[in-house]
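Structure assessment
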Amino acid sequence: MLGTIVNCAAIILGSLVGFIFKGGIPERINETIMKGLALCILIIGVTGAIKSENTLLVICSVVIGAFIGEIIDIDKWLKRLGDSIESRLQGKGGKVSEGFVTASLIFCVGAMAIVGSLNSGLKGDHEILYTKAMLDGISSIMFTSTLGIGVALSAVCVFLYQGVITVAASLLQGILTQPVITEMSAVGSLLIMGLAFNMMNIGKIKVANMLPAIFIPIIYYLFI
């Protein structure tokens, strides 16, 4: 869990730095920076998605995962939580709900979150998560300067998400083979692309409702 703890600490620290400098960055600069980050996130998503060796599995995972996610309506619950915190802050923390949901998804669904957590649980190797911590810390500075302090709250989601994968990895060592990890990462990267489109205001994709798709490859390879 050490890698995840360091990752969460980096997000919180970066968010605090971003919140301090929030008022000193002009809106037009913030907007341009956000679009630039969206392009970077898009490239990360594309790079990870094309590594899939079973495109049909990725498609089926997204369809089944989206179906399950829509029934649960994960997006609604995340937004409700963000809105609740935002109302308690009485507008002092900026767009808390948007920052919380956007940052949580970006920091959680990427390939580094999955592979890093698995390595941490299976091998005790935290190197990927340490690298992710550095990237997330820098990103959280930029996100918080634009979206507000809600970005810091994403550290809770990161801790729970990566923590569960890390703990489960040691219990499911025989199931989490390299093909499973590859396809899980590919699906996660595809969702990252959806987040990039949302950040660039190209459509409105409920990425949170597709989160169950990341775990469908486990079920597939378990039976196949």
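Residues numbered from 1 in each chain as written. Predicted model: local features only at pLDDT ≥ 70, side-chain atom pairs only at ≥ 80, totals over all residues. Heavy atoms only, no water.

**Some thoughts on the pattern of salt bridges**
For clarity, the threshold we go by: For salt bridges, the criterion is a side-chain nitrogen of Lys or Arg within 4 Å of an Asp or Glu carboxyl oxygen. Counting from the N terminus, the helices are the DSSP runs of H or I reaching at least four residues and the strands are the DSSP runs of E reaching at least two. When accessible area is computed with a 1.4 Å probe and restricted to protein chains, residues below 20% of their type maximum are described as buried, those above 50% as exposed, and intermediate ones as partly exposed.
Within this structure, the stated rule accounts for 1 salt bridge. A salt bridge links Asp136 to Lys132; its shortest N-O distance comes to 2.6 Å. In this pair, Asp136 and Lys132 both sit in helix α7 (residues 127–147), 4 residues apart, roughly one turn of the helix. Across the pair, Lys132 and Asp136 agree in class, each one buried.

**Thoughts on the packing of aromatic side chains**
This is how the line gets drawn: Centre distance within 6.5 Å is the pairing criterion for rings of Phe, Tyr and Trp, where only the six-membered ring of Trp is used; planes under 30 degrees apart are then read as stacked, over 60 as edge-to-face, and the remainder as tilted.
The final tally for this structure, using the stated rule, is 3 aromatic pairs. Both rings, one in Tyr220 and one in Tyr221, keep their centres 5.1 Å apart while their planes meet at 85°; by these two values the pair is edge-to-face. Using a relative accessible area of 32% as the deciding quantity, one classes Tyr220 as partly exposed.

**Overview of the layout of surface pockets**
Filter applied, for reference: Using only the protein atoms, space was sampled on a 1 Å grid; points where a 1.4 Å probe fits but cannot get out form cavities, open sets with protein on both sides within 12 Å along at least five of seven lines form pockets, and lining residues are those with an atom within 4 Å of a point. Grid points are joined across faces, edges and corners, and a volume is the space filled by probe spheres set on the points. Residues are grouped as follows: Ala, Val, Leu, Ile, Met, Phe, Trp, Tyr, Cys and Pro are nonpolar; Asp, Glu, Lys and Arg are charged; all remaining types, including Gly, are polar.
In this structure, the second largest pocket encloses a volume near 470 Å³. Lining the second largest pocket are 24 residues; nearest its centre among them are Glu98, Thr102, Leu147, Asn198 and Met199. Looking at the lining of the second largest pocket, the elements with two or more residues in it are α2 (27–49), α4 (74–89), α5 (96–109), α7 and α9 (178–199). Looking at the lining of the second largest pocket, its residues break down into 9 nonpolar, 6 polar and 9 charged.

**Some remarks on the confidence of the model for the protein chain**
Basically, it comes down to this: Per-residue confidence from the predictor is reported as pLDDT, which spans 0 to 100.
Averaged over all residues, the pLDDT of the protein chain is 80; the fraction at 70 or higher stands at 92%. Considering each helix and strand of the protein chain separately, the mean pLDDT is smallest for α4, with a value of 72, and largest for helix α3 (residues 55–72), with 91.

**A few points about α7**
As a reminder, the rule being used: Helix span, as expected, comes to 1.5 Å for every residue beyond the first.
Along its 21 residues, α7 runs 29 Å from first to last C-alpha, staying within 8% of the 30 Å computed at 1.5 Å per residue. Here α7 has its buried residues at Leu129, Lys132, Ala133, Asp136, Gly137, Ser139, Ser140, Phe143, Thr144, Ser145, Thr146 and Leu147. Once α7 finishes, Gly148 follows within two positions and takes phi at roughly 100°, a positive value.

**Description of the nonpolar core**
The tendency in soluble globular proteins is for nonpolar side chains to be buried side by side. Note the cut-off: To define a nonpolar core, start from buried Ala, Val, Leu, Ile, Met, Phe, Trp, Tyr and Cys residues and group those joined through side-chain atoms within 4.5 Å. The contact rule is simple, with two residues in contact once any of their heavy atoms fall within 4.5 Å.
Residues Phe107, Phe143, Met199 and Ile214 are the most contacted members of the largest nonpolar core, which totals 50 residues. By residue number, the principal contributor to this core is α9, which donates 11 residues. In contact with Ile214, other than residues within four places in its own chain, are Val109, Ile114, Tyr161, Met184, Val187, Gly188 and Leu191.

**Regarding α3**
We apply this condition: The arc in question is formed by the directions pointing from the helix axis toward the C-beta atoms.
Taking 1.5 Å as the rise per residue, α3 with 18 residues should run 26 Å; its terminal C-alpha atoms sit 26 Å apart, in good agreement. Along α3, the residues classified as buried are Leu57, Val58, Ser61, Val62, Gly65 and Gly69. Seen along its axis, α3 keeps its buried residues to an arc of 130°; they face one direction. In α3, those exposed residues whose orientation departs by more than 90 degrees from the buried face are Leu56, Val63, Phe67 and Ile71.

**A short note on the packing of α7 against helix α8 (residues 150–171)**
Note the cut-off: Only the contacting stretch of a helix is used when fitting its axis, a line to C-alpha atoms as for every element, and angles between N-to-C directions run 0 to 180 degrees. Roughly parallel refers to an angle under 35 degrees, roughly antiparallel to one over 145, roughly perpendicular to one between 65 and 115, and oblique to any angle outside these ranges. If you view the pair so one helix is near and one far, a crossing is left-handed when the near helix is turned anticlockwise from the far one by less than a right angle, and right-handed when it is turned clockwise.
Where α7 meets α8, the axes come as close as 10 Å, and the angle between the chain directions of the two elements is 150°. One finds that α7 runs roughly antiparallel with respect to α8. Considering the relative orientation of α7 and α8, their crossing is right-handed. Of the residues in α8, those touching α7 at Leu129, Lys132, Ser140, Phe143, Thr144 and Leu147 are Val151, Val158 and Gln162.

**Observations regarding a nonpolar patch on the surface**
Quick note on the threshold: A patch is a set of surface residues, each over 30% in relative accessible area and not in a salt bridge, joined within 9 Å for like charges and within 5 Å for the nonpolar side chains Val, Leu, Ile, Met, Phe, Trp and Tyr. Note that accessible areas follow from Shrake-Rupley with a 1.4 Å probe, and for residues the cover is restricted to the protein chains shown.
On the surface, a cluster of nonpolar side chains totalling about 730 Å² of accessible area is made up of Met1, Ile5, Val156, Phe159, Leu160, Val167, Leu171 and Leu172. For the nonpolar patch, the element with the most residues is α8, which contributes 5 residues. On the secondary structure map, Ile5 appears in helix α1 (residues 2–20).

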